[in-house]
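Chain by chain, the residues run as shown.
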2 protein chains.
Amino acid sequence: MLPTTEELLIALKGILSQDQVSINQTILEQHSKDESYHTPSLPDIVVFPATTEEVSNILKLASGFKVPVIPFGRGTSLEGHVIPYKKGITIDFSLMNKVLEIREQDFLVKVQPGVTRTQLNKELKKYGLFFSVDPGADATLGGMAATNASGTTSVRYGVMRDQVRDLEVVLADGTVIHTGSLAEKSSSGLHLNGLFVGSEGTLGCFTELTLRVYGIPEYIMAARASFPTVHDAVSAVVSILSAGIPIARVELVDEQSMKQVNLFSDTDYQVKPTLFLEFHGNKAGLKQDVEFMKEIVADCQCEGIEFETDQAALNRLWEARHNLAYAYIHGYPDKKMMTTDVCLPISELAGAIEHAREELNKLGLTGGIVGHVGDGNFHTVLMIDTNNSEEIKKAEEFNESIVLHALERGGTCTGEHGVGVGKQKYQEREHGEALKVMEKIKMALDPENLMNPNKIMKF
Amino acid sequence: MLPTTEELLIALKGILSQDQVSINQTILEQHSKDESYHTPSLPDIVVFPATTEEVSNILKLASGFKVPVIPFGRGTSLEGHVIPYKKGITIDFSLMNKVLEIREQDFLVKVQPGVTRTQLNKELKKYGLFFSVDPGADATLGGMAATNASGTTSVRYGVMRDQVRDLEVVLADGTVIHTGSLAEKSSSGLHLNGLFVGSEGTLGCFTELTLRVYGIPEYIMAARASFPTVHDAVSAVVSILSAGIPIARVELVDEQSMKQVNLFSDTDYQVKPTLFLEFHGNKAGLKQDVEFMKEIVADCQCEGIEFETDQAALNRLWEARHNLAYAYIHGYPDKKMMTTDVCLPISELAGAIEHAREELNKLGLTGGIVGHVGDGNFHTVLMIDTNNSEEIKKAEEFNESIVLHALERGGTCTGEHGVGVGKQKYQEREHGEALKVMEKIKMALDPENLMNPNKIMKF
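Reading the values: the criteria
- Each chain carries its own residue numbering, running from 1 in the direction its sequence is written.
- Chain letters and ligand numbers both follow the written order, the letters beginning at A and the numbers at 1.
- Where local features are concerned, this predicted model is filtered to residues with pLDDT of at least 70; where side-chain atom pairs are given and counted, the filter is 80 or more; whole-chain, interface and lining totals use all residues.
- Based on all heavy atoms of the structure, the side-chain values leave hydrogens and waters out of the count.
- Helical segments are the DSSP runs of H or I of at least four residues, strand segments are the runs of E of at least two, and each set is numbered from the N terminus.
- Computation of the radius of gyration draws on C-alpha atoms, with the globule rule given as 2.2 Å multiplied by the number of residues to the power 0.38.
- Burial classes: relative accessible area under 20% of the type maximum marks a residue as buried, over 50% as exposed, and values in between as partly exposed (1.4 Å probe, protein chains only).
- Should any heavy atoms of two residues lie within 4.5 Å, those residues are considered in contact.
- For the area figures, the Shrake-Rupley method with a 1.4 Å probe applies, and any residue is considered shielded solely by the protein chains shown.
- Domain limits in this description derive from either an automatic procedure or a database domain assignment.
- When two components associate, each loses some accessible surface as probed by a 1.4 Å sphere; the sum of these losses over both components is called the buried area.
- Every case where a carboxyl oxygen of Asp or Glu lies within 4 Å of a side-chain nitrogen of Lys or Arg is listed as a salt bridge.
- Throughout this description, a polar contact denotes any pair of N or O atoms lying within 3.5 Å of each other; where both atoms belong to protein, one of them has to be capable of donating a hydrogen while the other can accept it, and for residues adjacent in sequence the pair is counted only when both atoms sit in side chains.
- Residues are grouped as follows: Ala, Val, Leu, Ile, Met, Phe, Trp, Tyr, Cys and Pro are nonpolar; Asp, Glu, Lys and Arg are charged; all remaining types, including Gly, are polar.
- Between any two strands, at least two bridges found by DSSP are needed for them to pair.
- Copy-to-copy alignment: least squares on C-alpha atoms, limited to residues at pLDDT 70 or above in both.
- UniProt positions are given in the numbering used here, feature names are shortened, and annotations may be inferred rather than shown by experiment.
- Given the number of residues in a helix, its expected span is that number minus one, multiplied by 1.5 Å.
- Only Phe, Tyr and Trp rings take part, Trp by its six-membered ring, and two of them pair if their centres are within 6.5 Å. Stacked means planes under 30 degrees apart, edge-to-face means over 60, and tilted covers everything else.
- Put simply, a charge is over a ring when the Lys NZ or the Arg CZ is close to the ring centre, within 6 Å, and near the line of the ring normal, within 35 degrees.
- Geometry is summarised by axes, namely lines fitted to C-alpha atoms with helices restricted to the contacting stretch, and by angles between N-to-C directions that run from 0 to 180 degrees.

A. Quick look at the overall build of chain A. Looking only at helices and strands, chain A features 17 helices and 18 strands. Radius of gyration (C-alpha) of chain A: 22 Å, near the 23 Å computed for a compact globule of 459 residues. Counting across all 459 residues of chain A, residues that qualify as buried make up 62%. For chain A, long-range pairs separated by at least 24 residues make up 72% of all intrachain contacts whose partners lie at least 6 apart in sequence. With the model as given, the accessible surface of chain A reaches about 16600 Å², and the carbon-plus-sulfur share is 48%.

What follows is the structure, given as structure tokens:
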């Protein structure tokens, strides 16, 4: 029989200090939702552990009581990942927020899961280093590993999974394991790093992460290039990649979204389908690459290209891009955001974006298209009135149409946001028989189904 | 009760043609060993499937009879991976050797598991593309995925796991799954690609691989730089990496091994600790990088550096390096090769190589040190008389000392060769409680323990 909240509270206060356990209504509400349109739901209790040992004790206790556990970073997920639909204990990692070690020569850093990406980069800057993965939100690194987050730089540096050298994980029964080592590469054992990254809290809680970092490039050059159509912009990216020009970032922002950018970020960029590009390297090499690139974009009907090399202009450009989601949220204060997140082989990208635009028009929905086009990943940002069931229905119809279009062409239903509850309905369609393998692994590691239950898989 | 070989033979001939099933003694012997010193052992039967469906039927049959199954590529593994110590059916993939599809724009290729890396590169060259992973042997791509192979280029392009976008896998019960998609990145489901790569046939047989390929770089420059000591050479690599110079390859070959190279490859390279380096990029960028690198190596006591840019000289250089293992085998025809394969954080590399050299001298063993030093991975190549139990004991003592030294410093017992049977004894030491997680996954996916049993894990 499940314990009452009162019993659970007493037990948790036996292993944690008073102020590490909360049933305060405001705290519960803060942990009932993420940044998506998914319906909130309160946890029974929120705990704030400070050490791996405390996390292990919490999981032992929860496992004894058979109570669900939901790890929580900053609640910036976009598919309901952290919403405790089955109640239970939410573990908030905000007290575990230390950068533990920086190994300059090894390009490695060891952090606690509650460290955010901007916090880490501030620390790394002192060493001439940076951490590459940059989702829109200032998420925690634990959360970013849990969803296999990426962002604008993965075309050059890879996604979150590529950066994780080792995770300390507390399993459902409280056992503490390490999934990797400090070595750059390994063929030892089964590869647990890759499996736990992107597991969305369904296999265990991350309590320490060892991550790959990079030297700040000698020279950075950024550009904004505008095009008559989205199709022309995507063609330009395909041509640049095919020419072997190493892009560090390439973001597509459509006309509608450029309007939001200008409104929110106080810029006066041209309101046209635009590529935001960045190149990292040495000065001589970049100069040659950029000359070549200019020829390529000209062949793709580019209507104007502007370069920036000074740091202030670079920062303004990328802040404008990063704030885009918030620009939409700010622009539609009564609505909530729904974001599509498919990723396709790049040869299918232009067609997929055209299809998305047609569907938007057909359904009469307001939305902008933005994307990490170098990876074949794009988002449609929709602002929807969650009190209007007709509008939700239309938005879901739209999302489904985008997902099916991608899956039919070898793509995935989520390039970087993860499954949570929002993409569960596409898991069987995308993975087929492999979904059963995932379920077997989940049941082997968490037989009582207590770790963030009913996320990714439907049980 | 297990079937007799005769019964198994009859059953297999019911689902395959006559010439796809063999109990010929020569064939059995060819499939009883790999390129290592591990004791050979014959399979009961060797089969040669031509399609995924045939592989699935073989596994269904084997699973019904509860007979072990061992996937086999070209037998170039180095830790006894393909030796059928528990007998059973060896599946030889040599008939499944087609390049199925090349998607130029997507930088993807779909191949059958029996395609070798040189066969693939020959095909890709027509499109201006290449496949980056290059272990010493001309292994099959299925085998390379099974061991998470790497080689000289992983410092720039990553290891085998980084190239695998999707695997078609036949599981122990004959079910066919796909572990990924054609998308460059995905946060959908649990990440099975990473788990199956490096699983050494213990979770299933690969029947199709979709792999990332790269454009042949505009400009390639290679160099040989010799140093008074191995320590100086490693320091130079650490400095080059810290300076952010993007190396495509950096190989260390010690004095002893340079002798073997010259003997076998008919070169007259200086007999000194030597770095073989390669840089990929555009001409202007490389020129700047190379000037900077010259300054760095001069600071590290470099005694001479020679550059090559013409294709013939480049080929000669890398062939000499690739043939090193064969140079040793050729030089000691009565002995067998044992190769250590640790990988450490690069700050620990120079110390580890010094330790290896001291241990070699202390034990009076003959061996050369070579390594992919940009990754922190090095090998000691020992030629041992497998009839001399004293020599085997010494070599194993040496290997153990190298492994423990690496594990104590956050390294791994195998950077690229895999576990097979040779590195099993270090699995608990390296992975601790995580080994139990690996065992649970294995038992969840192969409950009868029929897929390459007693490899990686001891059961």
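Back to the write-up after that little detour.
B. Spotlight on the domain arrangement of chain A. All names here are of chain A. We note that the domain assignment places domain 1 (5-94), domain 2 (99-215), domain 3 (219-325) and domain 4 (334-440) within chain A. Contacts between domain 3 and domain 4 engage 17 residues on the former and 16 residues on the latter. Roughly 1300 Å² of surface becomes buried between domain 3 and domain 4 when both sides are summed, with 66% attributable to carbon and sulfur atoms. Here Arg357 ties to Asp254 by a salt bridge, and the two come within 2.5 Å at their closest N and O atoms. Put simply, domain 3 and domain 4 have 6 residue pairs in polar contact (both at pLDDT 80 or more) between them. Breaking the side of domain 3 that touches domain 4 down by element, the ones donating at least two residues are α9 (230-242), β13 (249-253), α10 (255-265) and α13 (324-331). The greatest single-element share of the side of domain 3 that touches domain 4, amounting to 6 residues, is contributed by α9. Split into classes, the residues belonging to the side of domain 3 that touches domain 4 amount to 11 nonpolar, 3 polar and 3 charged.

C. Structural detail: the pairing of strand β10 (residues 205-212) of chain A. All names here are of chain A. Across the 8 residues of β10, 8 count as buried, placing the element largely inside the fold. As judged from the 4 bridges shared by strand β6 (residues 108-111) and β10, these two strands associate in the antiparallel manner. Following the sheet pairing, Leu108 is matched in β10 by Arg212. Pairing between strand β8 (residues 164-170) and β10: 6 bridges, direction antiparallel. From the neighbouring strand, Glu168 faces β10, where its bridge partner is Glu208.

D. Seen up close, the pattern of salt bridges. For the structure on display, the rule yields 50 salt bridges over all chains. As a salt-bridge pair, Asp134 of chain A and Arg249 of chain A come within 3.3 Å of each other at their nearest N and O atoms. Of the two residues, Asp134 of chain A is situated in the loop between β7 (129-130) and α5 (141-147) and Arg249 of chain A in strand β13; the sequence distance between them amounts to 115 residues. Neither residue differs from the other here; Asp134 of chain A and Arg249 of chain A are each classed as buried. The partner of Arg321 of chain B in a salt bridge is Glu251 of chain B, and the shortest N-O contact between them spans 2.8 Å. With Arg321 of chain B in helix α12 (residues 311-322) and Glu251 of chain B in strand β13 (residues 249-253), this pair connects stretches of sequence that are 70 residues apart. Just as Arg321 of chain B is buried, Glu251 of chain B falls in that class too. What you see here is one network of salt bridges that share partners, running through Glu348, Glu408, Arg409 and Arg429 of chain A.

E. Structural detail: the environment of Val290 of chain A. Tracing the backbone through its elements, the reader meets Val290 of chain A in helix α11 (residues 283-299). Once you skip the residues sitting within four places of it in the chain, Val290 of chain A turns out to touch Met221 and Phe307 of chain A.

F. Spotlight on the relation of the copies chain A and chain B. Screw-axis analysis of chain A against chain B gives a translation of 0.0 Å along the axis, an RMSD of 0.0 Å, and a rotation angle of 180°. Each copy turns onto its partner about a two-fold axis. Taking C-alpha positions as the reference, the residue of chain A nearest the rotation axis is Gly285 of chain A, at 1.7 Å. Comparing interface residues between copies, 100% of those in chain A also sit at the interface in chain B, which points to an isologous, same-surface contact.

G. View of the UniProt feature "domain: FAD-binding PCMH-type" (unreviewed entry) in chain A. On the UniProt side, "domain: FAD-binding PCMH-type" (unreviewed entry) is annotated at positions that read residues 39-216 of chain A here. Counted over residues 39-216 of chain A, helix gives 24% and strand 24%. Its end C-alpha atoms are 41 Å apart.

H. Representation of unusual backbone geometry. Although it is not a glycine, Asn449 of chain A adopts a positive phi angle of roughly 55°. Its place among the elements puts Asn449 of chain A in the segment after α17 (434-445). According to the relative accessible area criterion, Asn449 of chain A is buried, its value standing at 16%. With phi around 55°, Phe107 of chain B is a residue other than glycine that occupies positive phi space.

I. Geometry of the interface of chain A and chain B. Between chain A and chain B, the residue contacts involve 78 residues of the former and 78 residues of the latter. A combined buried area of about 5700 Å² lies between chain A and chain B, and 59% of that area is made up of carbon and sulfur atoms. When the buried surface of chain A facing chain B is broken down by residue, Lys185, Ser187 and Leu190 of chain A rank first, second and third, together holding 15% of it. Seen at the junction of chain A and chain B, the total is 4 salt bridges. Note that Lys185 of chain B is salt-bridged to Glu416 of chain A, the shortest N-O span being 3.0 Å. Our enumeration of links across chain A and chain B arrives at 44 residue pairs in polar contact (both at pLDDT 80 or more).

J. Representation of helix α9 (residues 230-242) of chain B in the model. All names here are of chain B. Between its first and last C-alpha, α9 extends 18 Å over 13 residues, near the 18 Å set by a 1.5 Å rise per residue. Among the residues making up α9, those that are buried are Asp232, Ala233, Val234, Ala236, Val237, Val238, Ile240 and Leu241. Considering only its buried residues, α9 is in contact with α6 (154-157), β13, β14 (274-281), α11 (283-299) and α14 (349-363). Taken from the residues just after α9, Gly244 is the one with a positive phi, measuring 80°.

K. Main features of the packing of aromatic side chains. Summed over all chains, the structure comprises 11 aromatic pairs over all chains. Here Phe130 of chain B and Tyr214 of chain B contribute two aromatic rings whose centre-to-centre distance is 6.1 Å and whose plane-to-plane angle is 45°, an arrangement assigned as tilted. Residue Phe130 of chain B is found in strand β7 (residues 129-130), and its partner Tyr214 of chain B is found in strand β11 (residues 214-215); the two are separated by 84 residues along the sequence. A relative accessible area of 15% means that Phe130 of chain B is categorised as buried. With relative accessibility at 15%, the residue Tyr214 of chain B sits in the buried group. Residue placement shows Arg249 of chain A over the ring face of Trp318 of chain A; its charged tip is 4.2 Å from the ring centre.

L. Broad picture of the sheet that holds strand β18 (residues 377-384) of chain B. Residue and element names in this part refer to chain B. Within the open sheet, the 7 strands sit side by side as β15-β12-β14-β13-β17-β18-β16. Their pairing is antiparallel. Pairing within the sheet leaves two strands with one partner each, and these edge strands are β15 (304-308) and β16 (336-339). Neighbouring strand axes in the sheet, compared pairwise and without regard to direction, differ in orientation by 20° on average. The sheet contacts of helix α10 (residues 255-265) involve β13, β14 and β17 (367-372), and relative to β17 the element is tilted by about 95°.

M. Spotlight on the environment of Cys300 of chain A. All names here are of chain A. Counting through the fold element by element, Cys300 comes out in the loop between α11 and β15 (304-308). On the basis of relative accessible area, Cys300 is assigned to the buried category, the value being 9%. In sequence terms Cys300 and Val237 are 63 residues apart; their C-alpha atoms lie 9.5 Å from each other. Setting aside residues up to four positions removed in sequence, Cys300 forms contacts with Phe227, Asp232, Ser235, Ala236 and Ser239.

N. Quick peek at the sheet that holds strand β4 (residues 89-92) of chain B. Residue and element names in this part refer to chain B. In spatial order, the strands read β1-β2-β4-β3; together these 4 strands make up an open sheet with mixed pairing. The sheet is open, and its two borders are formed by β1 (21-22) and β3 (69-72), each paired with just one other strand. One ladder, built from 3 bridges, connects strand β2 (residues 45-47) with β4; its direction is parallel. Paired with Val46 across the two strands is Thr90, which belongs to β4. Contacts from helix α1 (residues 5-15) reach β1, β2 and β4 within the one sheet, and its direction differs from that of β2 by about 15°. In the packing of helix α3 (residues 52-65) onto the sheet, the strands contacted are β2, β3 and β4, and the crossing angle to β4 comes to about 170°.

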